[in-house]
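Residue-level listing of the chains:
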Amino acid sequence: MIKKADVIERLSTLIGKELSTENLHDALFCEVKHQKILRRFHAGTHTYVQYNIQKESKETIQHFADITIPGNPTIFRVALEEKAGKMVIQSEPRINFSYIIR
């Protein structure tokens, strides 16, 4: 399992880039020990990172994405902006603590 600080640092490298499953996998699993995970992902047999895009409210056009990594109970949230039909990451990732309230 990747540490929270490492996940935040690696997701920060995606600021200004498109939110996609491929970009997330490449950023998070960049170490040599994760090459097996990346091979499985690129072969199409496994997906290790999931995200869910949501609108914050009806008044604003602000979008955000909740990023989850199976095996890691923490949900990471990033702000998004729509550019040319693509969702681009605009903010540093933050830990979403809303799962504590449930």
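Look a little higher up for the structure.
Bear in mind that the values here come from a model prediction, so they are computed numbers and not experimental data. (Residues numbered from 1 in each chain as written. Predicted model: local features only at pLDDT ≥ 70, side-chain atom pairs only at ≥ 80, totals over all residues. Heavy atoms only, no water.)

K.L.:
So what about the packing of aromatic side chains? Which residues, and what values?
P.N.:
In this structure the tally under the stated criterion is 1 aromatic pair. Both rings, one in Phe-29 and one in Tyr-48, keep their centres 6.0 Å apart while their planes meet at 70°; by these two values the pair is edge-to-face. A residue pair is termed long-range when its members are at least 10 positions apart, and Phe-29 in the loop between helix H2 (21–28) and helix H3 (35–43) and Tyr-48 in the loop between H3 and strand E1 (50–55) qualify at 19 residues. Of the two residues, Phe-29 and Tyr-48, neither departs from the other in class, the shared state being buried. (Phe/Tyr/Trp six-rings, centres within 6.5 Å; stacked < 30°, edge-to-face > 60°. Helix = DSSP H or I, 4+ residues; strand = E, 2+ residues; numbered from the N terminus. Buried < 20%, exposed > 50% of the residue type's maximum accessible area, 1.4 Å probe, protein only.)

K.L.:
Describe the packing of H2 against H3, listing the residues and the values that go with them.
P.N.:
Interaxial distance between H2 and H3 falls to 10 Å at its minimum, and their mutual angle equals 170°. By the angle class used here, H2 and H3 are roughly antiparallel. The residues of H3 that touch H2, namely those facing Thr-21, Glu-22, His-25 and Asp-26, are Leu-38, Phe-41 and His-42. Looking at the contact of H2 with H3 residue by residue, the classes come out as 2 nonpolar, 3 polar and 2 charged. (Axes fitted to C-alpha atoms, helices over the stretch in contact; angles between N-to-C directions. Parallel < 35°, antiparallel > 145°, perpendicular 65-115°, else oblique. Contact = heavy atoms within 4.5 Å. Nonpolar A, V, L, I, M, F, W, Y, C, P; charged D, E, K, R; others polar.)

K.L.:
So what about the packing of helix H1 (residues 4–12) against H2? Which residues, and what values?
P.N.:
In contact at an axis separation of 9 Å, H1 and H2 are set at 125° when each is read in the N-to-C sense. Here H1 is positioned oblique relative to H2, judged by the angle of their axes. Here H1 and H2 pass one another in a crossing that is right-handed. Contact residues: H1 offers Val-7, Arg-10 and Leu-11, while H2 offers Leu-24, Ala-27 and Leu-28. Considering only residue class, the contact of H1 with H2 consists of 5 nonpolar, no polar and 1 charged. (Left-handed = near helix turned anticlockwise from the far one by under 90°.)

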